[in-house]
Amino acid sequence: MNNQDGAYILQVQGLNVFYGSFQAVNNVSFDVKPGEIFGLLGPNGAGKTSTLSAVEGLLKPQGGSITVAGYNAKEKPLYARAAMGVQLQATSFQPELTVAEILQLYAGIYGVSMTKEKLRDILTDINLADAESKKFGELSGGQQQRVSLIISTIHDPRLVLLDEPTSGLDPQSRRRLWERIEAIRERGHGVLITTHSMEEAEAVCDRIAIIDHGRIITIDTPQALIEKHRNDPEVISVSRRGKITLEDVFIALTGRAIRS
Ligand SMILES: Nc1ncnc2c1ncn2[C@@H]1O[C@H](COP(=O)(O)OP(=O)(O)O)[C@@H](O)[C@H]1O
Ligand SMILES: [Mg+2]
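Please read all numbers here as calculations on a predicted model, not as lab measurements.

Draft legend 1. View of helix α5 (residues 141-152). If you check α5, its first and last C-alpha atoms are 16 Å apart, about what 12 residues at 1.5 Å a residue would give, namely 16 Å. α5 sits mainly inside the fold: 10 of its 12 residues count as buried. Gly 142, Gln 143, Gln 145, Arg 146, Val 147, Ser 148, Leu 149, Ile 150, Ile 151 and Ser 152 are the residues of α5 that are buried.

Here it is in structure tokens:
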């Protein structure tokens, strides 16, 4: 398939990732549709970052196929990568550069024009209008995450990959970041995101895959997952206050609490 406007922005089929003889990702398959926020949830060490890294082309998978915006990542790696925006688990920019300098630098790298006006619009949009000449290193965690999200989407990619963008943020910053992520969905683009926060996933993700020990345990909408498992004895035994949440389902399916 090579249609750029196909039903999927990302298709992952039978993905395997090894580190030496250790298999971190085991036969993982899922897809992301246009206008969808797809959450990859799992405890630490489940294989989330390894899966994203393979999609991003940062590591070479030992098996399976990855198709981004209709481009097979093995056959057309440059086209596949051009359709992606990536925010790594630990993204950091030169702390001495100002916000304006960083945005201009990356606009240049991606070949996107960045006038003074456009720069100001972008910063206003992410509530950083007064931070233009602040150094990146002086921003709060939430502000840094917003800048790095903007940079990962500066070329308006069809697929955005975000690895735990909200971890370590206060509730207001999380809320703002999620608004930005929802705006990407509204543009009809696809978002693949990993998060530890079941509450956020339940509220924002259109579909979720729960992954553990490198394998996908289940894929569905948050609501359907809760419905499907609400009468499981393990789910009932971990739930509190009678209301079944996605977190209860997650803990029951992975057999343990979310490790931070
Ligand atoms: N570069 C690496 N070399 C060896 N093992 C790794 C490497 N990166 C990750 N792993 C292992 O692979 C498994 C999955 O890691 P990772 O994909 O980072 O999980 P997650 O992002 O879900 O926390 C873990 O057991 C981890 O220790
Ligand atoms: Mg990770």
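Draft legend 2. Inspection of the pairing of strand β7 (residues 159-163) at higher detail. Buried residues dominate β7, accounting for five of its five residues. Judged by which residues are buried, β7 turns out to be covered on both faces: Leu 159, Leu 161 and Asp 163 on one side and Val 160 and Leu 162 on the other are all buried. As judged from the four bridges shared by strand β6 (residues 84-87) and β7, these two strands associate in the parallel manner. Within β7, the residue paired with Val 86 across the bridge is Leu 161. As judged from the five bridges shared by β7 and strand β8 (residues 190-194), these two strands associate in the parallel manner. Directly across from Leu 159, in β8, lies its bridge partner Gly 190. As a crossover connection, the stretch from β7 through helix α6 (residues 171-186) into β8 is right-handed.

Reading the values: rules and limits
- Residues numbered from 1 in each chain as written.
- Chains lettered and ligands numbered in written order.
- Predicted model: local features only at pLDDT ≥ 70, side-chain atom pairs only at ≥ 80, totals over all residues.
- Heavy atoms only, no water.
- Helix = DSSP H or I, 4+ residues; strand = E, 2+ residues; numbered from the N terminus.
- Expected span 1.5 Å × (residues − 1).
- Buried < 20%, exposed > 50% of the residue type's maximum accessible area, 1.4 Å probe, protein only.
- Pairing = 2+ DSSP bridges.
- Right-handed = clockwise from strand over helix to strand, strands pointing away.

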